[in-house]
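Residue-level listing of the chains:
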Amino acid sequence: MKGIVLAGGTGTRLHPLTHALSKQLLPVYDKPMIYYPISVLMLAGIRDILVITTPHDSDQFVRLLGDGSRWGVSLSYAEQPSPDGLAQAFLIGADFLAGDTAALVLGDNIFFRHNLRGLLESAVKDVTAEGGCTLFGYRVSDPQAYGVAVLDARGELIDIEEKPAQPRSNMAVTGLYFYGGDVVDHARELTPSRRGELEITDLNRRYLQRGDARLVDLGRGTAWLDTGTQDTLLQAAQFVQTLQHRQGVTIACLEEVAMRQGWIAPDDVVAVADAMGASRYGAYLRQVAGEYADERGSIG
């Protein structure tokens, strides 16, 4: 499976913060926002990732992330000239995907839960074996603001409504989607909505109409945060700060994820830490690299 991070858009709801800097490069407490969705793909075992940005911001993403080799992944880049819908990501990334199964994550979404890695790996296996699409649902208090999943009495997905005035459930469809190898073909058959965009809900409905759409309920023990406004950006930063300080862990630490996936070695993590000087992030890298090496008896 290959992954796409959609980090385009103009971030108008965050003006003036985003006049000079892409929303997905803004800090969420101690790291750039883009680290969080990349970490989700890495936890799913995905190592080949396309980052889609605006033309104006692309060089800044390349400067920050490079080719991904320091995390044991391959990062490539593409541009979305105008925000013409989430499903446009598959048209932009068609050559990159080349018929492989695909994961799409929105660049301003943050996910945290116990054993997120296991849940994601299971979903990857399902899509790889069965095709179709797997969506991830999360119960919210304001479903009118989201695409809403409608479930039957058995908990099976039967409909998806886009920002309904009278929602039939409070299960929002989050900004993480897994698709079979035919996703580009389906995206090419979409027509723009009334607002002129290729809607991700329309793409998901195509799978649903074929009986090929599944919904995974992320459950009450999950945090799903959308950082599209000043308030939600602050809330996300406060959540990350509180959890990291209380538990002594760092969320979306790409070096740690890569190390625990076996893609880089502890001494690689230490090298990154040494380049960061006296930063708290660098100190954390030294700590987890040492602990991980001790668990396995040696560094290297």
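Everything below is about the structure printed above this text.
Residues numbered from 1 in each chain as written. Predicted model: local features only at pLDDT ≥ 70, side-chain atom pairs only at ≥ 80, totals over all residues. Heavy atoms only, no water.

1. Remarks on the overall build of the chain
Now for step 1: If you tally the helices and strands in the chain, you get 11 helices and 13 strands.
Now for step 2: Over its C-alpha atoms the chain spans a radius of gyration of 19 Å, differing by no more than 12% from the 19 Å that the globule rule assigns to 300 residues.
Now for step 3: Residues classed as buried in the chain amount to 53% of the 300 residues present.
Now for step 4: Partitioning the intrachain contacts of the chain with sequence separation of at least 6 by distance along the chain shows that 74% fall at a separation of at least 24.
Now for step 5: Carbon and sulfur atoms make up 49% of the accessible area of the chain, which amounts to about 13500 Å² in all.
Now for step 6: Within the chain, the 37 negative side-chain charges are centred at a point lying 4 Å from the centre of the 27 positive side-chain charges. (Helix = DSSP H or I, 4+ residues; strand = E, 2+ residues; numbered from the N terminus. Rg over C-alpha atoms; globule rule 2.2 N^0.38 Å. Buried < 20%, exposed > 50% of the residue type's maximum accessible area, 1.4 Å probe, protein only. Contact = heavy atoms within 4.5 Å. Areas by Shrake-Rupley, 256 points an atom, 1.4 Å probe, with all protein chains shown as cover. Lys, Arg positive; Asp, Glu negative; His and termini not counted. Charge placed at Lys NZ, Arg CZ, Asp CG, Glu CD.)

2. Examining the pairing of strand 4 (residues 48-53)
Now for step 1: With respect to burial, strand 4 is a largely interior element, five of its six residues being buried.
Now for step 2: With six bridges connecting them, strand 4 and strand 5 (residues 74-79) associate as parallel partners. Bridging from a neighbouring strand, Val51 pairs with Tyr77 of strand 5.
Now for step 3: Running through helix 2 (residues 58-65), the crossover from strand 4 to the neighbouring parallel element strand 5 is right-handed. (Pairing = 2+ DSSP bridges. Right-handed = clockwise from strand over helix to strand, strands pointing away.)

3. Notes on the nonpolar core
In a soluble, globular protein the nonpolar side chains are often hidden away together inside.
Now for step 1: Residues Met42, Ile49, Leu65, Trp71, Leu120 and Phe178 are the most contacted members of the largest nonpolar core, which totals 53 residues.
Now for step 2: Grouped together as the second largest cluster of nonpolar side chains are 34 residues, Ile52, Ala102, Cys133 and Ala149 included. (Core = buried A, V, L, I, M, F, W, Y, C linked by side-chain atoms within 4.5 Å.)

4. As for the layout of surface pockets
Now for step 1: One number sums up the size of the largest pocket: a volume of about 1100 Å³.
Now for step 2: Contributions of two or more residues to the lining of the largest pocket are made by strand 10 (157-162), strand 11 (171-179), helix 7 (200-209) and strand 13 (223-226).
Now for step 3: Per element, the largest residue contribution to the lining of the largest pocket is four residues, and it comes from strand 11.
Now for step 4: A class-by-class count of the residues in the lining of the largest pocket yields 12 nonpolar, 18 polar and 11 charged.
Now for step 5: Its boundaries defined by the atoms lining it, the second largest pocket holds a volume of some 510 Å³.
Now for step 6: Residue assignment for the lining of the second largest pocket shows that the elements contributing at least two residues are helix 1 (35-43), strand 7 (109-112), helix 5 (116-130) and helix 9 (254-260).
Now for step 7: For the lining of the second largest pocket, a count of residues per class yields 12 nonpolar, six polar and four charged. (1 Å grid on protein atoms, 1.4 Å probe; cavity = no way out; pocket = protein on both sides within 12 Å on 5 of 7 lines; lining within 4 Å. Points joined across faces, edges and corners; volume = space filled by probe spheres on them. Nonpolar A, V, L, I, M, F, W, Y, C, P; charged D, E, K, R; others polar.)

5. Looking at the pattern of salt bridges
Now for step 1: For the coordinates displayed, the defined rule picks out 19 salt bridges.
Now for step 2: Residues Arg214 and Glu130 are paired through a salt bridge, measuring 3.7 Å at the closest nitrogen-oxygen approach. Taken together, the residues span a long stretch of sequence, with Arg214 in strand 12 (residues 213-217) and Glu130 in helix 5 at a distance of 84 residues.
Now for step 3: Arg206 is the salt-bridge partner of Glu189, the closest N and O atoms lying 2.3 Å from each other. Placement of Glu189 in the loop between helix 6 (183-188) and helix 7 and of Arg206 in helix 7 is noted, with a sequence separation of 17 residues between them.
Now for step 4: Overall, Arg206 belongs to the partly exposed group, its relative accessible area being 24%.
Now for step 5: Each member of the salt-bridge network shares a partner with another, and the members are Asp159, Glu161 and Arg168. (Salt bridge = Lys/Arg side-chain N within 4 Å of Asp/Glu carboxyl O.)

6. Quick word on the environment of Leu64
Now for step 1: Its place among the elements puts Leu64 in helix 2.
Now for step 2: Since its relative accessible area comes to 24%, Leu64 is described here as partly exposed.
Now for step 3: The spacing of Leu64 and Pro32 is 32 residues in sequence and 9.1 Å in space, taken between C-alpha atoms.

7. Let's talk about the packing of aromatic side chains
Now for step 1: With the rule as written, the count across this model stands at eight aromatic pairs.
Now for step 2: With centroids separated by 6.1 Å and ring planes inclined at 65°, the aromatic side chains of Phe112 and Phe239 adopt a geometry described as edge-to-face. Taken together, the residues Phe112 in strand 7 and Phe239 in helix 8 (residues 230-247) connect sequence positions 127 residues apart.
Now for step 3: Under the relative-accessibility criterion, Phe239 is labelled partly exposed at 26%.
Now for step 4: Measuring from ring centre to ring centre gives 5.3 Å for Phe136 and Phe178, while their planes differ by 80°; the resulting arrangement is edge-to-face. Residue Phe136 is found in strand 8 (residues 133-139), and its partner Phe178 is found in strand 11; the two are separated by 42 residues along the sequence.
Now for step 5: Here the aromatic cluster, defined as three or more aromatic residues joined through ring pairs, consists of Phe90, Tyr177, Tyr179 and Tyr207.
Now for step 6: A cation sits over an aromatic face here: Lys2 above Phe96, 5.4 Å from the ring centre. (Phe/Tyr/Trp six-rings, centres within 6.5 Å; stacked < 30°, edge-to-face > 60°. Lys NZ or Arg CZ within 6 Å of the ring centre and 35° of its normal.)

The analysis is restricted to geometry; functional conclusions fall outside its scope.
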